[in-house]
Amino acid sequence: MSVLPLLIDEAIKARSKAYAPYSRFSVGAALSCEGGVYSGCNVENAAYPLGSCAEAGAISAMIMAGMRKIDAVVVVGGDMPCTPCGGCRQKLREFSQPNMKVYMVNPQGEVLLVRTLEELLPDSFGPDHLV
Ligand code: THU
């Protein structure tokens, strides 16, 4: 996928902006969407449950740009694959096809793991259930 190197760069850049004073675990995410790239980082809070994940920030940036369809996602955490949390899997699902690829990448830019959304969130509930 030709946009992958750009997505990796943007996710690494986003990770450098993370606000994670409590977990000290910085995460960056970047997603491609109809030619555009949108990124986000985790933003924690002294009231711990109010923190938000990097994926959520990237989705907000995408929505603010008027986009609705995620083509691929890169998540950069630490040296183990940073797989999206359950809540973020569902958030990604809202705007993705089942075969959308999620790339887990280390801070050096190496791809550690690749999964489709369907693999991460099988038999999921989505907008099509509500029509
Ligand atoms: N985190 C993310 O931003 N994305 C993930 O995919 C997994 C976890 C954040 C949430 C929290 O700020 C920190 O990582 C530790 O859980």
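All of these numbers come straight from a predicted model, not from anything done at the bench.

### Things to note about the overall build of the protein chain
- A count of helices and strands for the protein chain gives four helices and five strands.
- Counting from the amino terminus, the protein chain carries its helices and strands in the arrangement α-β-β-α-β-α-β-β-α.
- In summary, the protein chain has a C-alpha radius of gyration of 14 Å against a globular reference of 14 Å for 131 residues, a match within 12%.
- Taken along its principal axes, the extent of the C-alpha atoms in the protein chain is 40 × 35 × 30 Å.
- Counting over 131 residues, the protein chain shows a buried share of 41%.
- Put simply, of all contacts in the protein chain between residues at least 6 apart along the chain, 61% involve residues at least 24 apart.
- Positive and negative side-chain charges in the protein chain, numbering 11 and 13 respectively, have mean positions lying 4 Å apart.

### Brief notes about the site of the ligand
- Around the ligand, the surrounding shell consists of S23, F25, V27, N42, E44, C53, A54, E55, C82, T83, P84 and C85.
- The contact in question runs from an oxygen atom of the ligand to an N or O atom on the side chain of N42, over 2.9 Å.
- Taken by itself the ligand offers 370 Å² of open surface, and the protein chains cover 77% of this.
- Residue composition of the shell around the ligand, grouped by class: seven nonpolar, three polar and two charged.

### Points about the side chain of S32
- Looking at where S32 falls in the secondary structure, it is placed in strand 1 (residues 28-33).
- Looking at S32, the relative accessible area reads 5%, which means it is buried.
- With residues near it in sequence (within four places) discarded, S32 still touches V3, L7, K69, I70, D71 and A72.

### Points about the UniProt feature "domain: CMP/dCMP-type deaminase" (unreviewed entry) in the protein chain
- With numbering aligned to this structure, UniProt lists the feature "domain: CMP/dCMP-type deaminase" (unreviewed entry) at residues 2-128.
- With 28% helix and 22% strand, residues 2-128 has its two end C-alpha atoms placed 30 Å apart.

Parameters and conventions
- Residues numbered from 1 in each chain as written.
- Predicted model: local features only at pLDDT ≥ 70, side-chain atom pairs only at ≥ 80, totals over all residues.
- Heavy atoms only, no water.
- Helix = DSSP H or I, 4+ residues; strand = E, 2+ residues; numbered from the N terminus.
- Rg over C-alpha atoms; globule rule 2.2 N^0.38 Å.
- Buried < 20%, exposed > 50% of the residue type's maximum accessible area, 1.4 Å probe, protein only.
- Contact = heavy atoms within 4.5 Å.
- Lys, Arg positive; Asp, Glu negative; His and termini not counted.
- Charge placed at Lys NZ, Arg CZ, Asp CG, Glu CD.
- Near = heavy atom within 4 Å.
- Polar contact = N/O pair within 3.5 Å; in protein donor to acceptor, adjacent residues only side chain to side chain.
- Areas by Shrake-Rupley, 256 points an atom, 1.4 Å probe, with all protein chains shown as cover.
- Nonpolar A, V, L, I, M, F, W, Y, C, P; charged D, E, K, R; others polar.
- UniProt positions renumbered as here; feature names shortened; annotations may be inferred.

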